[in-house]
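Close look at the chain arrangement
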Amino acid sequence: MTLLAQVASDFNELTSSEVDIAQNIAFGMIAAVMLFSAFRTVTTANVVHAALYLVIVLAGVAALFILLGSDFVGATQVLVYIGAIIVLFLFGIMLTKARLGDDESVESERRGMGALVGILLLVVMGYALVDTFENAELTFGEPEPIAYVPTEVTVGDVPTPVLEALPDVFAGLGDDDEVTISQADFDSLVPEVQRRVPGAEVFGNNKQIADSIFSQYIVPFEAVSVLLLAALIGAIVVARKE
Amino acid sequence: MTGLLSSFLAVEAVPDVSFTTEANWFLENVWIIPLLPILSFFAILFFGKRLPQGGAEIGIAAVGLAFVLAILTNIAWLDHRDNFDYHDGETRTHLEKHDDHAEDEHASALLEVDGVTESVVLSFAEEGAEGAEEIHPSVAVISERSWFTNGDVDFTAGTIVDGPVALMLFVVTTISLLVHIYSTDYVSGDRRYTHFFAFLSLFTGSMLAYVVSHNILQMIVTWELVGLCSFALIGHWWEEKPNSDAALKAFLTNRVGDIGLLVGMVILFFSAGGTFDVVEINEKAVSGEISQTALTWAAISLTAAVMSKSGQFVLHTWLPDAMAGPTPVSALIHAATLVVAGVFMIARLYPVFWYGFVIPGSDINGLALIGSITVVFGGLLAFVQNDIKKVLAYSTVSQLGYMVLALGVGAWTAALFHLFTHAFFKAGLFLGSGSVAHSVHSFDMKKDMGGMRKFMPTTFKTFIICSIALAGVFPFAGFWSKDEILVGTGGFGVGAGKANGEYTLMLVMGLVGAMLTGAYMTRCIYLTFFGEFRGHGHPHESGPRITIPLIILSVFAFGAGFLNFPPGFLTGDAKKPSFWQERFGHFVEPLAAYFPPISHSVPSWWLAIIASVIGLIGPAIAYFYYFVLVDRKAKETGEKLTELPNGPTTSVGFLKAGHTLLVNKYYLDHLYQNVIVGFTKGPLSKAAYWFNQNVLDGVVDEAGRTAVRSGNFIYRYIDQGAIEGVVNGSGRASTSGGQGLRKIQTGKVQQYAALLFAGATVLAGIFMFVN
Amino acid sequence: MLLNQFLLLAAALFCLGVYGVLTRRNGVLVLMSVELILNAVNINLVAFGAFQDNVVGDVFAVFVIAVAAAEVGVGLAMVLLMYRNRKSIDFTEVDMMRG
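Values in this document were obtained by computation on a predicted structure and should not be read as measured data.

This brings us to the overall build of chain C. Scanning chain C from N- to C-terminus turns up three helices and zero strands. Looking at chain C residue by residue over its 99 residues, the buried ones come to 62%. Within chain C, contacts between residues at least 6 apart in sequence are counted, and of these 46% link residues at least 24 apart.

Right, let's get into the confidence of the model for chain B. All names here are of chain B. Of all residues in chain B, 79% have pLDDT values of 70 or greater, and the mean over the chain is 76. Counting interchain partners and residues more than four positions distant, the pLDDT-below-50 stretch residues 1–13 has 54 contacts. Taken together, the stretch residues 654–681 has pLDDT below 50 and engages in 33 contacts with residues farther than four places along the chain or on a different chain.

Okay, the interface of chain C and chain A next. Each partner contributes to the interface: chain C provides 60 residues, whereas chain A provides 76 residues. Counting only elements with at least two residues in the side of chain C that touches chain A, the list comes to α1 (3–23), α2 (27–52) and α3 (56–86) of chain C. Here the side of chain C that touches chain A gets 21 residues from one element, more than from any other, and that element is α3(C). When the residues that make up the side of chain C that touches chain A are grouped by side-chain class, the tally is 45 nonpolar, eleven polar and four charged.

Moving on: the environment of B:Ile290. Residue and element names in this part refer to chain B. In this structure, Ile 290 sits in the loop between α10 (278–287) and α11 (292–309). Between the alpha carbons of Ile 290 and Val 352 there is a distance of 9.2 Å; along the sequence they are 62 residues apart. Filtering out sequence-adjacent residues up to four positions away, Ile 290 remains in contact with Ser 271, Ala 272, Lys 284, Ala 285 and Leu 295.

Residues and elements named next belong to chain B. Burial runs high along α10: ten of the ten residues are buried. Every buried residue belonging to α10 is among Val 278, Val 279, Glu 280, Ile 281, Asn 282, Glu 283, Lys 284, Ala 285, Val 286 and Ser 287, and all of these are buried. Phi for Gly 288, located one or two positions after α10, is positive at around 85 degrees.

Where helix α10 (residues 218–239) of chain A contacts α3(C), the axes come no closer than 9 Å and their chain directions differ by 10 degrees. With respect to α3(C), the element α10(A) is oriented roughly parallel. With respect to the hand of their crossing, α10(A) and α3(C) are arranged in left-handed fashion. Note on element contacts: α3(C) touches α10(A) through C:Phe63, C:Ala66, C:Val67, C:Ala70, C:Gly73, C:Val74, C:Ala77, C:Met78, C:Leu80 and C:Leu81, opposite A:Pro220, A:Val224, A:Leu227, A:Leu228, A:Ala231, A:Leu232, A:Gly234, A:Ala235, A:Val238 and A:Ala239.

What follows concerns the confidence of the model for chain C. Per-residue pLDDT for chain C averages 89, and the proportion of residues at 70 or more is 97%. Mean pLDDT values over the elements of chain C span from 90, in α3(C), up to 93, in α1(C).

The next subject is the environment of B:Val358. Residues and elements named next belong to chain B. Within the element layout of this structure, Val 358 appears in the loop between α15 (350–356) and α16 (366–381). Val 358 gets classed as buried once you count the C-beta atoms within 10 Å, which come to 22. Separated by 50 residues in sequence, Val 358 and Gly 408 place their C-alpha atoms 8.9 Å apart. Those residues in contact with Val 358 that lie beyond four places of it in its chain are Asp 363 and Asn 365.

Calculation notes
- Residues numbered from 1 in each chain as written.
- Chains lettered and ligands numbered in written order.
- Predicted model: local features only at pLDDT ≥ 70, side-chain atom pairs only at ≥ 80, totals over all residues.
- Helix = DSSP H or I, 4+ residues; strand = E, 2+ residues; numbered from the N terminus.
- Buried ≥ 20, exposed ≤ 12 C-beta atoms within 10 Å, placed from the backbone.
- Contact = placed C-beta atoms within 7 Å.
- pLDDT = per-residue confidence, 0-100.
- Nonpolar A, V, L, I, M, F, W, Y, C, P; charged D, E, K, R; others polar.
- Axes fitted to C-alpha atoms, helices over the stretch in contact; angles between N-to-C directions.
- Parallel < 35°, antiparallel > 145°, perpendicular 65-115°, else oblique.
- Left-handed = near helix turned anticlockwise from the far one by under 90°.

This is the structure we're talking about:
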């Protein structure tokens with residue numbers, strides 16, 4: 001469930017197709033702004049304007065991430081890109097004493113060549129994408145049924161994995177019977193079941209991301225940290241005055 | 001095969017075992033031995049410069065410790081070989097299915113000789129009971145750990161210890177230790193003393209790691225490490241252009257072979273059902289589970305690698321150039337490490353080469369052909385060199401030819417035995433030449449040496465001993481190993497039908513090689529140690545750190561051959577080898593399910609005698625030419641001669657040839673008086689004199705001239721012309737191609753990027769529309 | 001939402017970035033264009049992650065962001081160095097690789 005869908009369902013009880021329309025409208029607006037800004041970033045003659053247009057593109061990307069349900073990446077995008085990298089760019093602009101107004105000299109005489117390559121690339125990639133994925137839907141499924149297990153339920157509402165995990169509790173009960181899952185049994189489900197208490201909805205996939213980074217991808221993570229350190233030292237060595 | 005031996009021992013049966021994972025501590029933990037020098041490499045690199053001896057002490061300590069461990073490992077192996085309870089041993093392949101190679105003429109011939117059918121032998125093996133004297137197998141010791149897993153292939157890293165490994169551990173550590181000690185004097189004061197010792201350690205370590213490799217993946221890695229170290233050491237004095245060129249040449253020539261290595265190993269990996277395990281590959285090659293085609297292609301590819309590494313003909317050109325490196329390195333390369341790696345690979349993966357490289361339509365193994373050509377061509381080249389180390393380098397080429405030849409004719413044990421003896425006397429020769437060069441500051445025999453025996457008596461004596469061993473004179477080390485190889489060829493029916501076939505051509509080439517060996521060593525000794533001193537300054541004997549290794553090596557050069565007395569030597573009964581005969585073969589030879597049957601030819605007295613005589617003819621001619629003719633001429637004219645002014649090399653045309661003939665004829669009297677009369681008295685002398693005058697005269701003269709001429713021819717046209725021509729030609733082609741292409745190099749980064757993107761896009765588009 | 005609308009948007013951003021890298025003469029602007037390319041890749045990663053309903057895409061997007069930060073740091077340092085040595089950050093003037 002994405003943030004947008006969540007907000008929508010909380011306040012307006014929209015149907016899923018209505019949510020979809022809302023998402024598409026949001027996407028369309030973000031995409032239009034991003035494309036325009038990106039185009040200006042690579043064409044404007046004013047270096048500072050280019051950086052500011054870049055900010056808009058990056059913010060758009062962050063919005064897309066949130067639209068896609070990856071709020072952690074979106075937050076990182078805002079913090080790192082808009083917060084740090086853009087500042088770095090502005091410093092770069094200042095330190096190289098670029099002209100602050102329009103500066104025609106930033107444009108190369110080989111614009112035709114670049115445009116040709118860019119359009120060619122877009123055609124090839126676009127064709128490949130349309131050809132490959134056609135109308136593949138992004139389904140942010142309804143919240144996983146297993147992710148929600150209240151302690152008092154009717155048996156018919158209990159998700160199958162839970163039924164299988166606790167055969168003793170549900171033995172001999174019909175679908176309409178009410179049952180109370182004891183705290184001990186509930187705790188034993190924790191590996192299989194996302195434990196959620198009604199009223200305290202957990203949102204997003206931060207936990208899974210953290211789990212992945214610090215278990216499965218610990219080596220790349222450490223490598224990246226070493227890379228950052230090396231880049232830090234390298235940048236100082238390269239840029240300092242003798 | 002069930003490890004059935006073709007031997008003259010009674011009925012033999014070897015249990016179907018290959019390896020064990022539990023054995024003596026030293027055999028299980030052999031990985032420590034290569035680790036020590038490799039650690040020493042890093043230690044020297046980091047701390048060497050701060051130490052009083054510049055890091056040499058670390059290297060010597062590490063290699064010395066490795067040497068002690070290697071000795072202990074060998075002792076453990078001796079015990080394990082005979083006393084291991086092999087019924088616990090394992091074999092990975094199940095050999096119930098019919099054995100393809102049993103049909104092989106080699107194997108079936110052996111079976112017939114033994115007079116039993118295979119099934120009988122197998123049942124003996126199963127019952128291990130009466131009728132068959134069960135031979136104690138040589139069970140390899142393997143210890144391995146999982147390295148990484150990719151898909152369902154488990155990559156392991158591990159060590160294997162069996163006969164050849166134990167042998168190599170001893171040889172490599174011994175030679176390396178002596179070379180280390182020698183180097184402390186030889187390169188003292190060098191500008192990169194510490195660097196030199198660091199790489200010496202790494203060189204030793206990577207060779208040791210190569211030797212104990214249990215899978216072909218490790219073999220590839222360590223093989224390349226060995227190549228890298230040789231590059232660094234050959235180019236040790238890289239400031240001079242020829243040295244860095246030589247290092248590059250060695251490296252690049254080896255890369256040619258490395259392509260073969262990779263291809264061959266990949267073929268083996270897939271054809272053996274996705275395993276890198278040496279023992280498993282060998283077992284499958286023996287049992288016929290790897291198809292003949294795959295074996296053939298693998299063997300051909302791997303042979304390319306062997307040819308480049310072990311300096312076999314066509315790819316040997318880098319070896320003499322590699323003399324640009326410091327002499328201790330040359331000794332290490334030629335005796336124990338680099339060039340031996342190729343031979344060791346054949347020995348390690350012997351079933352692959354043995355079954356795979358049989359030339360279709362014949363029973364001749366391609367290796368035998370390559371080896372025999374190399375023996376003669378390498379030997380001839382040694383005649384026209386003036387650089388003492390190049391003589392020795394070509395000599396190594398020739399001797400490696402013997403080893404490959406022996407492996408090709410199935411005399412596996414003989415090849416390894418020759419490797420063993422050769423390591424000592426060739427290291428002795430190289431270190432000896434280094435000792436001389438250290439004193440006269442040059443390697444040129446003609447310009448800067450001569451008469452050195454007066455100045456350097458110890459070096460002279462050890463050099464002579466090693467030369468005699470190299471020439472294969474009874475009872476020095478080279479005699480025993482060379483004789484075993486010659487018998488192994490089975491040419492003219494020697495070996496009492498126990499050889500793998502009648503490789504008469506190989507036997508003849510081997511004999512010719514033996515003759516050449518003696519001759520060029522005589523020339524080399526004369527030019528270096530006899531005559532008048534032609535150099536400058538006052539040469540003197542080298543210090544003890546140089547002479548003591550020389551003395552140790554010459555002791556080995558004398559005595560190493562005694563380890564493998566042929567069966568029946570002095571006892572006369574070849575069927576029952578005594579406890580002191582064939583010890584080397586007994587302990588080194590793998591006698592297990594992962595090795596093909598190794599033939600043991602019955603030693604032949606008359607072949608030994610003929611080989612000795614032929615081996616002495618060469619030196620005799622050379623002796624006559626240099627010690628008699630040149631020496632006398634030099635005394636007459638009072639000049640410092642190295643060749644006759646009108647000698648065969650300079651005589652062109654009929655008149656000069658006639659003149660030379662006359663001179664030769666005249667001096668033949670002296671040959672007769674000094675040599676023939678001196679040794680054979682009585683009526684034989686008159687006949688011999690007549691024979692000399694009328695027959696040998698022409699033959700000797702012609703032989704001498706042909707040898708020199710063909711040596712010159714090969715050197716100039718094939719070696720320097722054709723082979724170098726191809727190399728230079730490809731260089732020129734790429735130069736002109738580059739000149740044409742440089743016009744599109746504008747240096748504008750963004751244009752490059754545009755071309756890159758455009759190219760990638762077009763390619764992507766093509767792939768997309770093609771699919 | 002369709003998967004493709006994200007992918008096509010990313011493709012468009014990517015091509016704009018390529019255009020910028022190829023045509024901009026100012027070093028800082030070239031680096032900005034590189035950022036566009038990296039962000040296009042990130043959109044792809046996250047969109048595929050959502051498509052397959054796992055977090056691998058997100059994890060790698062985070063890695064890419066970290067690497068991009070390093071890249072900008074080193075890249076700007078190099079541009080600064082170039083400016084200090086040549087008093088210009090015009091890429092078309094750098095042609096020492098000319099054959």
